[in-house]
Amino acid sequence: MLTLDFHPAGRHFLQIPGPSPVPDRILRAMSYPTIDHRGPEFGALGLQVLAGIKKIFKTEQPVVIYPASGTGAWEAALTNTLSAGDHVLMYETGHFATLWKKMAEALGLKPEFLGLPGIEGWRRGVQPDRIEDRLRKDVGHQIKAVCVVHNETSTGVTSDIASVRKAIDAAGHPALLLVDTISGLASADYRHDEWGVDVTVSGSQKGLMLPPGISFNAVSKKAIEASKRSTLPKAFWGWTEIIEMNATGYWPYTPNTNLLYGLSESLEMILGEGLDNVFARHERLAEACRKAVTAWGLEIQCADPAVYSPVLTGVMTPAGFDADAIRKIIYENFDMSLGTGLGKMKGGMFRIGHLGEANDLTLMATLAGCEMGLKLAGVKLAGSGVQAAMDSLVAKKNKPGLKVA
């Protein structure tokens, strides 16, 4: 038996921005016996999750479900819509936007990266006006797609996707809009149809509260038409056969049945709470977390309050303090995992996840662990972030207690 928790008491606090903690009721659902993926029970399950996941993406169009990580869904989005040598406009907002660009290069596409230089571009969201300007210059319509990240997991920045769509339309450009909302889905407001997205990429291990292993492509009619012209090689990732078989609740290959059990339970939890309530809960926790960081006297990674993420908060450490060393102290003393700084921000920041099955007390315990760890590391704090977060959460409550005579 593997030893996965070196502390004898209590649960490990997994406070990275994904994978997020998996609720017990989802774990129980995943423990159901595996059934015949060609039998009638599975067909009913398939139809149920395919209908439910559309509500999460806010789409009436097909959502393709893969037994894969979000990286697989990135590849599916590109290979189904583009051809070798196609010019793709991508926007640098952080580590994951950078990785998507590298994938595009590996597939034989020609990505062009927009963004601000240095770490400044990793502290702000997508600037739609720069996309519009670039597309206006592309009079020959060589650019076939615009790829942006909705919620950049490496930085805690949530970009305005509706404004990106408006920028493309204002330029009168036919480029497809491909969006990564791997960490945003089911945590931050997202509207595939209303925002005019052609392919939305996501994964199971963030707001959906599942283990890694399921990824998604929500696709528009325009994207499906583009897939008929695309010449990039695709077999496993191809949409056509999957969408055809999904009509009756089945897949053209062996699906990850037990994860689909978990997805069914996740959808019941999220839709039962109500998407608007889920988003409001995430916003409330994120605001309290930021109040804590400010009270500590530390800097929030996202430099633009207009695009603060409700999913995670990036915390920049003071000069002379290695963020990974602080994370190690917190892990060893309090059995809590925080997200590391990635790419350009390695060692300069850590990330606090407050997504999925998180509530007020989850956040308070997390912030207490951070505050104690920062003190153990020798960071001089300006004040109590824990108290600031508590004050923020109490102020948001609308259920006053009983008055005592």
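Residues numbered from 1 in each chain as written. Predicted model: local features only at pLDDT ≥ 70, side-chain atom pairs only at ≥ 80, totals over all residues. Heavy atoms only, no water.

Participant: Help me understand helix α6 (residues 161-170), please; the structure alone is not making it clear to me.
Facilitator: It helps to recall that an α-helix has 3.6 residues per turn; residues three or four apart then point in one direction. Of the residues making up α6, those classed as buried are I161, A162, V164, R165, A167 and I168. Capping of α6 at its N-terminal end is provided by D160; its side-chain oxygen lies 3.2 Å from the backbone amide nitrogen of A162. Two residues or fewer past α6, G172 is found with a positive phi of approximately 65°. (Buried < 20%, exposed > 50% of the residue type's maximum accessible area, 1.4 Å probe, protein only. Helix = DSSP H or I, 4+ residues; strand = E, 2+ residues; numbered from the N terminus. Polar contact = N/O pair within 3.5 Å; in protein donor to acceptor, adjacent residues only side chain to side chain.)

Participant: I'm lost on the side chain of H87 in this one. Help?
Facilitator: By secondary structure assignment, the location of H87 is in strand β3 (residues 87-91). Polar contacts involving the side chain of H87 include one to the side chain of E112, which spans 2.9 Å. With residues up to four places along the chain from it excluded, the contact list for H87 reads K110, E112, R134, Q142, I143, K144 and A145. (Contact = heavy atoms within 4.5 Å.)

Participant: Whenever I open this one, helix α4 (residues 95-106) confuses me. Can you help?
Facilitator: Under the 1.5 Å per step criterion, the end-to-end length of α4 is 17 Å for twelve residues, consistent within 8% with the ideal 16 Å. Buried within α4 are the following residues: H95, A97, T98, W100, K101, M103 and A104. Remark: G108 follows α4 within two positions and exhibits a positive phi of approximately 90°. (Expected span 1.5 Å × (residues − 1).)

Participant: Is there a simple way to explain the pattern of salt bridges in this structure?
Facilitator: Oppositely charged side chains may form a pair once their charged atoms are brought near each other. Tallied over the entire structure, the rule returns 24 salt bridges. For E194, the salt bridge identified is with R191, shortest N-O distance 3.2 Å. For E194, a relative accessible area of 58% translates into the label exposed. Note that E371 and K375 form a salt bridge whose closest N and O atoms lie 4.0 Å from each other. You can see E371 and its partner K375 sitting in helix α12 (residues 360-376), four residues apart, about one turn around the helix. One network of salt bridges, in which partners are shared, links K58, D189, R191 and E194. (Salt bridge = Lys/Arg side-chain N within 4 Å of Asp/Glu carboxyl O.)

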